[in-house]
Each structure stands twice: as C-alpha cells, then as structure tokens.
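Coordinate analysis (summary)
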Amino acid sequence: MHDRTLPGAGADPRMPVLFVPHGAGPCFFMDWSPADTWHGLGAFLRGVADTLPARPRAILLVSGHWLEQAFSLTGHARPPLIYDYNGFPPHTYELTYPAPGEPGLAERIRQQLDAAGMAARIDGTRGYDHGVFIPLKLMFPDADIPVVQLSLRRDLDPGAHLAAGRALASLRDEGVLIVGSGMSFHNMRGYGDPRFTPVSAQFDDWLSAAVESAPARRDALLRDWTQGPHARLCHPPGGEEHLIPLLVTAGAADGSEGRKAYSEKIMETTISAFRFG
C-alpha cells in the first residue's frame, strides 16, 4: 500500500506530521537478497515530498537511534554523519548527506520544551545518525533543507513523548516538517521468521486503528501501547525506541486526523508508515 495523494482543495495548509520506517541500516544503498526487499519502502520515501503542501522550511526529525537522559537537540551548524551501523559494505560508510543544521531553530525548540515543563538541552557537536540521513537521502536527496534532530528521552515514557510532540505542534504552522523515524515492528529475532507474520500483522492492525482514532482516544491508546496484541513481541521490553518516535509525531499532530500512509510485508513482518494531517 502506498499513498502519494497530492493535497487538494481544502487541504490542511499546515505541514503534516510523518512517522516513517527507516529500514535496516543503509539498506536502500546496497545489494540485498531478495534484490527487491526494500524497493517498496524506498519508493514510498522517494514520493513523500510530492505529497506535501509546500517545500519544508526546515525539518525536525526524531530518530530511534538517539537516547539521552533529557530531550536533546542538535545545535551544530554543519552536522557530521554518524555511521551507527555495523557489518555493512565499505561504501555505505562513505554515504554523504550535507544538510545544514539550524542552531537558532534548535534553541527555539529547546525553549518550547522547557516552557512545557520538559528539560531540554542543545548538543553542539552531535551529528546525524542513520535514522536521520538514510531516510532523508531518499525523501529530500538534495540535502538543502535545514535539519534539527531531537533525541528521545532514555526512559522512553510514552506520556512524556506525546507531551513533547504537543509542545512542538506550532512548528507546523511555520513550515517545519516534523518526522518520526523508526520502525513499526522492531524485534531483530522476528525479521525473516514466518512465525512473526501474524504477530506483526495483528499489532499493526491495532496500531493503525489507534492512529486513526479521534485525537483524545488516539493519545490514550498510544500511551498504553503495550496493551496492543503482541506488543512486546513486536517491541521487546527496553527496545521500544523504534516505536516511540511515533508518539512524538502523534503529539505534534494536535487535532489532525491520522492515517496509514504505507504498509508492506518485509522480511516476513508488516511494516507501516503513518501520516497526520
């Protein structure tokens, strides 16, 4: 399932909010077996820009690969890349994505989080991890839109991450595209195992229904996401960092409706993307 619908008359003029799967390491930029394993997700990511109401002024990206005690933001003007994957072909450690940072925006976001009662800090040396540069190389290959990365909080508290998103919802009115980058299924033992096909599908059905619920109900369901069917088989205890970016995006959705924007069976498991607005 792929959604490349262009915004039409009456469409929300604010930027939407996205949760996208970022795949396995640098999977889109190397040979895979079967060769087409990641083709569908790659095509979805390449089509995202065409579905937006305008070119983003900046991107705020929340990756499942950065956890800190307090919410943290990249404050580097020219962030380097962090090749935080292991065992992949040598050329994948030479990938580039020279998108600029925007320290001023990072400081504003820090202030917004602080005003909402959530301590936040600026990291002036941190670069973009692969949860940032891998999907963005497909979504915005020219690397000419400023990017600020927001960390997760190490406690992975669902309510805190929903609240962080709510504190940042106004950025949508300023042309900032908020993107959560993770995986809707992330149990490393499950990939390629057909026993996880029904497990992942049932959790994905529940997750999709939660996203598509009215905002207040949506928040309640996502706050208690561990109550979903097979939740802890799909995201093992302490390993839910790839799901929590979805909660930040759901918070930033404010009153916008949510829907599934992409879904596919990859490596015997159901993988989905979601869009709000």
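So, here's what we can say about the structure. (Residues numbered from 1 in each chain as written. Predicted model: local features only at pLDDT ≥ 70, side-chain atom pairs only at ≥ 80, totals over all residues. Heavy atoms only, no water.)

Overall, the coordinates contain 10 salt bridges when judged by the stated rule. Close ionic contact of aspartate 193 with arginine 195 constitutes a salt bridge, the shortest N to O distance being 2.8 Å. A relative accessible area of 65% means that arginine 195 is categorised as exposed. In this structure, arginine 232 engages glutamate 240 in a salt bridge whose closest nitrogen and oxygen atoms are separated by 3.1 Å. Among the residues examined, arginine 232 registers a relative accessible area of 31% and is labelled partly exposed. (Salt bridge = Lys/Arg side-chain N within 4 Å of Asp/Glu carboxyl O. Buried < 20%, exposed > 50% of the residue type's maximum accessible area, 1.4 Å probe, protein only.)

This brings us to the pairing of strand β2 (residues 58–68). The element β2 is extensively covered by neighbouring structure, given that 8 of its 11 residues are classed as buried. Pairing between β2 and strand β6 (residues 176–182): 6 bridges, direction parallel. Bridge pairing in β6 places isoleucine 59 opposite leucine 177. By the bridge criterion, 6 bridges tie β2 to strand β5 (residues 147–153) in an arrangement that is parallel. Bridging across to β5, leucine 67 finds its partner in leucine 152. (Helix = DSSP H or I, 4+ residues; strand = E, 2+ residues; numbered from the N terminus. Pairing = 2+ DSSP bridges.)

A word on the layout of surface pockets. Space inside the largest pocket adds up to approximately 220 Å³. Lining the largest pocket are 16 residues; nearest its centre among them are Gly23, Ala24, Gly25, His186 and Met188. Split into classes, the residues belonging to the lining of the largest pocket amount to 8 nonpolar, 7 polar and 1 charged. (1 Å grid on protein atoms, 1.4 Å probe; cavity = no way out; pocket = protein on both sides within 12 Å on 5 of 7 lines; lining within 4 Å. Points joined across faces, edges and corners; volume = space filled by probe spheres on them. Nonpolar A, V, L, I, M, F, W, Y, C, P; charged D, E, K, R; others polar.)

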